[in-house]
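Architecture and fold: a report
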Amino acid sequence: MQDTKINDDETKIQLVSLRLESATLIWWEAKTQEDMKKSGNVLSSWNDFIVEITRKFYPFAYMQKDIMDWKKFIQVKGKNVQIYIQ
């Protein structure tokens, strides 16, 4: 079986949007409706799609990770903050 590459940005976006779930799907549907009202069209550039979805969801994942890391943060016995930082 030969791998098929999809080069058309609009097709990529449509295929990916079919796989979206929960908060991401709700966000995408609201965004497409808002874009249609404002400009009469939806996002059609793959790069723009990646930028928008990353801007909306990726930083939140980092924030969650940082919070979880902070909860596990402990000071090793016998080391002060300056030594720990180094």
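Before any of the text, the structure's been laid out above.
What this report covers is the structure whose coordinates are included nearby.

**Remarks on the pattern of salt bridges**
Under the definition given, this model contains five salt bridges. Between Glu 52 and Lys 31 there is a salt bridge, with the nearest N and O atoms lying 3.9 Å from each other. Pair noted here: Glu 52 is in helix α3 (residues 46-71) and Lys 31 is in helix α2 (residues 22-39), with a separation of 21 residues, a long-range link. On the basis of relative accessibility, which here comes to 22%, the residue Glu 52 falls in the partly exposed class. On the basis of relative accessible area, Lys 31 is assigned to the buried category, the value being 14%. The shortest N-O distance in the salt bridge between Arg 55 and Glu 52 comes to 3.1 Å. Remark: Glu 52 and Arg 55 occur in helix α3; sequence separation between them is three residues, near one turn of the helix.

How each quantity is defined
- Residues numbered from 1 in each chain as written.
- Predicted model: local features only at pLDDT ≥ 70, side-chain atom pairs only at ≥ 80, totals over all residues.
- Heavy atoms only, no water.
- Salt bridge = Lys/Arg side-chain N within 4 Å of Asp/Glu carboxyl O.
- Helix = DSSP H or I, 4+ residues; strand = E, 2+ residues; numbered from the N terminus.
- Buried < 20%, exposed > 50% of the residue type's maximum accessible area, 1.4 Å probe, protein only.

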